[in-house]
Every structure is written in structure tokens, then in C-alpha cells.
Number of protein chains: 2
Amino acid sequence: MCEANAYLRKNGREELFLEAVDRVVPHEEGLMLEDIFGRRKLIRAKIAELALVDHRIILEEEE
Amino acid sequence: MCEANAYLRKNGREELFLEAVDRVVPHEEGLMLEDIFGRRKLIRAKIAELALVDHRIILEEEE
């Protein structure tokens with residue numbers, strides 16, 4: 001499976017936000033993340049960076 | 001390997017922009033995409049959507 005973990009970058013540190021993310025789609029309040037089990041989480045952020053072979057999605061809060 | 005193909009969404013259609021993408025990182029001119037072979041392409045766009053299990057990254061041109 002090619003899911004990735006989503007981290008929120010804050011003040012230069014990265015906090016795990018959601019594991020095993022399959023889909024990230026735009027939402028009126030920011031982004032909707034859905035993991036491979038169908039669980040969803042919303043976050044007011046944008047996608048800053050991807051490193052897919054390392055299974056990493058980096059999010060940043062929107063200004 | 002967990003690379004994905006990057007598509008540019010334009011007028012509701014999706015055009016393949018780069019295959020086998022590993023990394024997407026912010027760049028002063030938009031985004032820098034790097035494939036699993038280290039080849040790089042720049043694009044003035046943002047990441048709109050991800051579907052990792054389907055190996056898809058959707059880009060949209062910046063307004």
C-alpha cells in the first residue's frame with residue numbers, strides 16, 4: 001500500500017497529524033484527509049511538501 | 001515503490017505532467033517535482049489533491 005503519514009509543520013517542528021493517509025482533497029475549511037480505513041480529519045492547512053518514497057506528506061497551517 | 005504520477009488539472013481536464021514522482025517541494029517559482037530517477041521539473045502550480053493508493057497527485061496552476 002502506498003499511503004503516507006501526514007505531518008503538520010509548526011515553528012520548524014513536525015507533528016504527526018494522521019497516519020496511513022490515502023486521499024487529501026480541498027475542503028471549504030482547508031483540507032480533508034482520509035486514511036486507508038476511510039477515517040476523515042479536517043485541517044485548516046495546505047500541502048507544503050511531499051516525499052512519497054518516504055511516505056511523508058508535510059502540511060502547513062494557512063496564514 | 002510508492003511514487004505517483006502528477007497531473008495538471010486545466011479546464012476540468014487532467015494532463016500528465018510527470019510520472020514516478022517521489023518528491024514535491026516548494027520553489028520560488030512554484031513547485032519542484034523530482035521523480036524516482038532524480039529528474040526534476042519546475043511548475044508554477046500548487047498541489048490541489050492527492051490520491052496515493054491510486055498513485056495520483058493533482059496540480060493546479062496558481063492564479
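An account of the accompanying structure is given in this report. Since the structure is predicted, the reported quantities are computational estimates derived from the model, not experimental observations. (Residues numbered from 1 in each chain as written. Chains lettered and ligands numbered in written order. Predicted model: local features only at pLDDT ≥ 70, side-chain atom pairs only at ≥ 80, totals over all residues. Heavy atoms only, no water.)

### Concerning the environment of Ala 48 of chain A
Here's step 1: In this structure, Ala 48 of chain A sits in strand β5 (residues 45-51).
Here's step 2: With a relative accessible area of 6%, Ala 48 of chain A lands in the buried category.
Here's step 3: For the pair Ala 48 of chain A and Leu 59 of chain A, spaced 11 residues apart in sequence, the C-alpha separation works out to 5.3 Å.
Here's step 4: Discounting chain neighbours no more than four positions away, the residues touching Ala 48 of chain A are Ile 58, Leu 59 and Glu 60 of chain A together with Val 24 and Pro 26 of chain B. (Helix = DSSP H or I, 4+ residues; strand = E, 2+ residues; numbered from the N terminus. Buried < 20%, exposed > 50% of the residue type's maximum accessible area, 1.4 Å probe, protein only. Contact = heavy atoms within 4.5 Å.)

### With respect to the state of the cysteines
Here's step 1: Inspection of every chain in the model, using the stated rule, returns one disulfide over all chains.
Here's step 2: With a sulfur-sulfur separation of 2.2 Å, Cys 2 of chain A is cross-linked through a disulfide to Cys 2 of chain B. A torsion of -75° about the S-S bond marks the disulfide between Cys 2 of chain A and Cys 2 of chain B as left-handed. Separated into two different chains, Cys 2 of chain A in the segment before β1 (4-10) and Cys 2 of chain B in the segment before β1 (4-10) make up a pair that spans both.
Here's step 3: Given the relative accessible area of 13%, Cys 2 of chain B is considered buried. (Disulfide = S-S within 2.5 Å.)

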